Amino acid sequence: MENFWSRLLWMMAVFSIIFGVALMQLSIYGGAVAIIGAVLMAPPVAAGAGRLMGRLWWAPPIIGFLVVTLAGPIVTFATAPSLEEILAGSALIQMGDAP
């Protein structure tokens, strides 16, 4: 059963890293937060934290999941450029005046 949980955590961590990279298209900060959450879900990190915390080996994966699913998107949409900024940048690119 332990092998099942380890594989499940690895799959969640990999998908969360992909999600973090996708969030980086909108905001570097939100993507970084999601990737940090994915690292907390990785079984070696959970095992190391379990040795430090005692019986709370499951706390880092849960915290990592919450960081990826809640904090990552919140930080992304708080720091992502607005539609007006995106359109202004696109107009500059179209005119050839991009920095």
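## Description of the overall build of the chain
Helix and strand counts for the chain come out as five helices and zero strands. Relative to the 2.2 N^0.38 estimate, which gives 13 Å for 99 residues, the radius of gyration of the chain is 18 Å and therefore markedly larger than a compact globule would have. C-alpha extents for the chain along the principal axes are approximately 60 × 20 × 20 Å. Within the chain, buried positions represent 27% of all 99 residues. In the chain, once contacts between residues fewer than 6 apart in sequence are set aside, the share between residues at least 24 apart is 63%. When the accessible surface of the chain is split by element, carbon and sulfur atoms take 75% of a total near 6900 Å².

## Comments concerning a nonpolar patch on the surface
Together, W58, I62, F65, L66, L70 and I74 line one region of the surface with nonpolar side chains, adding up to about 600 Å² of accessible area. Within the secondary structure layout, I62 lies in helix α4 (residues 59–79). Note on I62: relative accessible area 44%, which makes it partly exposed.

## Focus on the side chain of T76
Mapped onto the fold, T76 is located in helix α4. Excluding residues within four positions of it along the chain, T76 makes contact with L23, L26, S27, G30 and G31.

Criteria and cut-off values
- Residues numbered from 1 in each chain as written.
- Predicted model: local features only at pLDDT ≥ 70, side-chain atom pairs only at ≥ 80, totals over all residues.
- Heavy atoms only, no water.
- Helix = DSSP H or I, 4+ residues; strand = E, 2+ residues; numbered from the N terminus.
- Rg over C-alpha atoms; globule rule 2.2 N^0.38 Å.
- Buried < 20%, exposed > 50% of the residue type's maximum accessible area, 1.4 Å probe, protein only.
- Contact = heavy atoms within 4.5 Å.
- Areas by Shrake-Rupley, 256 points an atom, 1.4 Å probe, with all protein chains shown as cover.
- Patch = residues over 30% accessible without salt bridge, like charges linked within 9 Å, V, L, I, M, F, W, Y side chains within 5 Å.
- Salt bridge = Lys/Arg side-chain N within 4 Å of Asp/Glu carboxyl O.

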